[in-house]
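What follows is the residue order along each chain.
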Amino acid sequence: MDTFKVFPDNIITDSGPVSREFLDLDIGTFMAACRFVHELPYGYNSDRDDLMILFKERFGSCTTKHAVIATLAEELGLPIHKAVGIYAMNEEIVAGADAILKKYGLPYLPMLHCFLVYGDHRVDLTEGNRNGKKRSIEEFLHTEKVIPNISKKDEYLLYRNALTNTVLRRKELDGINVKQILHAREEGLALLKANIRQA
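Criteria and thresholds
Residues numbered from 1 in each chain as written. Predicted model: local features only at pLDDT ≥ 70, side-chain atom pairs only at ≥ 80, totals over all residues. Heavy atoms only, no water. Pairing = 2+ DSSP bridges. Helix = DSSP H or I, 4+ residues; strand = E, 2+ residues; numbered from the N terminus. Axes fitted to C-alpha atoms, helices over the stretch in contact; angles between N-to-C directions. Contact = heavy atoms within 4.5 Å. Buried < 20%, exposed > 50% of the residue type's maximum accessible area, 1.4 Å probe, protein only.

Caption draft 1: Region of the structure containing the sheet that holds strand 2 (residues 109-118). Strand order in the open sheet formed by four strands is 3-2-1-4, with antiparallel pairing between adjacent strands. In the strand order of this sheet, the two ends are held by strand 3 (121-123) and strand 4 (142-146), each with one partner. Sheet twist, expressed as the mean angle between neighbouring strand axes with direction ignored, is 40°. Sheet topology note: the strand 2/strand 3 ladder contains three bridges and is antiparallel. Bridging from a neighbouring strand, Tyr 118 pairs with His 121 of strand 3. Most of the contacts of helix 6 (residues 152-165) go to strand 2, to which it runs at about 115°, and overall it touches strand 1 (81-89), strand 2 and strand 4.

Below, the structure written as structure tokens:
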């Protein structure tokens, strides 16, 4: 992943609710907005479908952090969009993942992560945060461009569809079914949350 310093440093104008929120915080450039969001603590918000929850709670996950900056980019007419990727969670990326993989007989656990795309650059504003992962995610099994504030329901449907149509067709997942993955995913999410609390 690249750092947000690859982005253009446009002036923030009063172009919508997110740009107004940053202007109210005396944040006047796109780069400064990215820095502000990157430096906010990592955490799971009380309502991830509320675009403004990041400002209200002063922390965010990959979902809410990237929703805010992708919306700001949209308001300012910048060619930056949000993407969702499915990565292969294992012990190398998340401490404690091995126990889940053994329990469900998986070579890895397909999990969702999101990031921003600008040309050939991928930027993760949660990199360096205490986000439950040991390292950044560089490789994905599947990626898809999404609207900035994709709902929890729509993101889950995207995940289910990608599992069925792409991920589960991989040779190493032969014989694995969707239910196995979904049960393991619940434990994977709980593990990530536990790792954040322990960080």
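Picking up where we left off.
Caption draft 2: How the structure looks around unusual backbone geometry. Here the phi dihedral of Asp 26 falls at roughly 60°; this positive angle occurs in a residue that is not glycine. Relative to the helices and strands, Asp 26 is located in the loop between helix 1 (17-24) and helix 2 (30-39). With a relative accessible area of 74%, Asp 26 lands in the exposed category. Positive phi values are uncommon outside glycine, yet Arg 58 reaches one of about 60°. For Arg 58, a relative accessible area of 37% puts it in the partly exposed group.

These values are about where atoms sit, not about what they do.
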